[in-house]
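# Tertiary structure, described
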Amino acid sequence: MSRPIWKGSISFGLVYIPVTLYSAEKPTELHFHLLDSRNNARIRYERVNEITGKEVPWNEIVKGYEFEDGNFVILEEDEFEKNAIEHAKTVEIEDFIDQKLLDCVYFEKPYYLVPTKEGEKGYVLLRETLKRTKKVGISKVMIKTRQYLSVLMPYKNSLILDLIRFSEEVRSPEEFDIPKNDFKYYKISNKEIEMT
């Protein structure tokens, strides 16, 4: 079993369901290391200052947002931590919508929500209500130091929390040269469609 990402709760209105968040992904990719062909030593990446050419220690590195060419707003770690603490470890359901209104192109990364013993009744009640009404919960969740838009939905006997993309993050099919005409234009017969 995978390690939990965090223990927290599902929250909406006055409802509080204690849960544990686990990744639903099981990576199967091969990972390769870059090696020096002469002695098979691993190649390391260094944090180098682009002006001085010298390596920068971790304690001297800060995060900055470039708002104009060469001008940065520097953010301190405690600012990230404060934001993370305010929203930490809670799946905050903002609204419920019909499941069919959410297109699969928005789905990004799934997680399982597993109830604690105290949260089992509320968990099952929410899961069954979502199944019967064919609704999903649009929610916010903080994972590590970033807040995500997410959807909470039933899947078999579980609740899945899937991170979703905002509409501005998804390219429109109109950007591509995709055939727009129907099958009759291409002289595709009904028999050909049935065979596929």
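Preceding this paragraph is the structure being described.
This write-up is about the structure you can find in this document. The structure displayed is predicted, hence computed values, not measured ones. (Residues numbered from 1 in each chain as written. Predicted model: local features only at pLDDT ≥ 70, side-chain atom pairs only at ≥ 80, totals over all residues. Heavy atoms only, no water.)

### Quick notes on helix 2 (residues 120-133)
Since the α-helix turns once every 3.6 residues, residues separated by three or four places project in the same direction. Its 14 residues give helix 2 an end-to-end C-alpha distance of 20 Å, which sits within 8% of 20 Å, the value for a rise of 1.5 Å per residue. Every buried residue of helix 2 is listed here: Tyr123, Leu126, Arg127 and Leu130. Down the axis, helix 2 shows its buried residues gathered within 95° of arc, on one side only. Projecting away from the buried face of helix 2 at angles above 90 degrees are the exposed residues Lys121, Leu125 and Arg132. Downstream of helix 2 by one or two residues, Lys134 has phi in the positive range, about 55°. (Helix = DSSP H or I, 4+ residues; strand = E, 2+ residues; numbered from the N terminus. Expected span 1.5 Å × (residues − 1). Buried < 20%, exposed > 50% of the residue type's maximum accessible area, 1.4 Å probe, protein only. Arc of directions from axis to C-beta.)

### As for the sheet that holds strand 8 (residues 146-155)
If you walk around this closed barrel you meet the 7 strands as 1-2-6-9-8-7-5, and the pairing is mixed. Recorded for the sheet is a direction-independent mean angle of 40° between the axes of neighbouring strands. Inspection of the sheet shows strand 8 paired to strand 9 (residues 158-164) by 6 bridges, in the antiparallel sense. Bridged to Tyr155 within strand 9 is Ser158. (Pairing = 2+ DSSP bridges. Axes fitted to C-alpha atoms, helices over the stretch in contact; angles between N-to-C directions.)

### Considering the layout of surface pockets
Approximately 260 Å³ is the volume found for the largest pocket. Residue composition of the lining of the largest pocket, grouped by class: 5 nonpolar, 1 polar and 2 charged. Here the second largest pocket defines a volume of roughly 220 Å³. Lining the second largest pocket are Ile5, Ser23, Glu25, Pro27, Glu108, Lys109, Tyr111, Ile143, Lys144, Tyr148 and Leu163. If you tally residues by element for the lining of the second largest pocket, the top one is strand 6 (residues 107-115), at 3 residues. A breakdown of the residues in the lining of the second largest pocket according to their chemical character gives 6 nonpolar, 1 polar and 4 charged. (1 Å grid on protein atoms, 1.4 Å probe; cavity = no way out; pocket = protein on both sides within 12 Å on 5 of 7 lines; lining within 4 Å. Points joined across faces, edges and corners; volume = space filled by probe spheres on them. Nonpolar A, V, L, I, M, F, W, Y, C, P; charged D, E, K, R; others polar.)

### A short note on the pattern of salt bridges
Counted under the stated rule, the structure contains 9 salt bridges. The residue Glu175 makes a salt bridge to Arg171 at a minimum N-O spacing of 3.6 Å. Arg171 sits in the exposed class, given a relative accessible area of 61%. What you see here is one network of salt bridges that share partners, running through Arg127, Glu128 and Lys131. (Salt bridge = Lys/Arg side-chain N within 4 Å of Asp/Glu carboxyl O.)

### Regarding the side chain of Thr20
Within the secondary structure layout, Thr20 lies in strand 2 (residues 15-23). Ignoring sequence-local partners within four residues, the contact set of Thr20 consists of Pro4, Trp6, Lys7, Tyr112, Leu113 and Val114. (Contact = heavy atoms within 4.5 Å.)

### Some details on the packing of aromatic side chains
Counting across every chain of the model gives 2 aromatic pairs. Ring geometry for Phe12 and Phe96: centres 5.5 Å apart, planes at 85°, overall edge-to-face. Highlighted residues: Phe12 in strand 1 (residues 6-12) and Phe96 in strand 5 (residues 90-98), separated in sequence by 84 residues. Summarising the aromatic geometry, the rings of Tyr185 and Tyr186 are spaced 4.9 Å apart at their centres and angled 80° between planes, so their arrangement reads as edge-to-face. By relative accessible area, which is 55% here, Tyr185 ends up exposed. (Phe/Tyr/Trp six-rings, centres within 6.5 Å; stacked < 30°, edge-to-face > 60°.)

Spatial relationships are all this shows, so hold off on functional conclusions.
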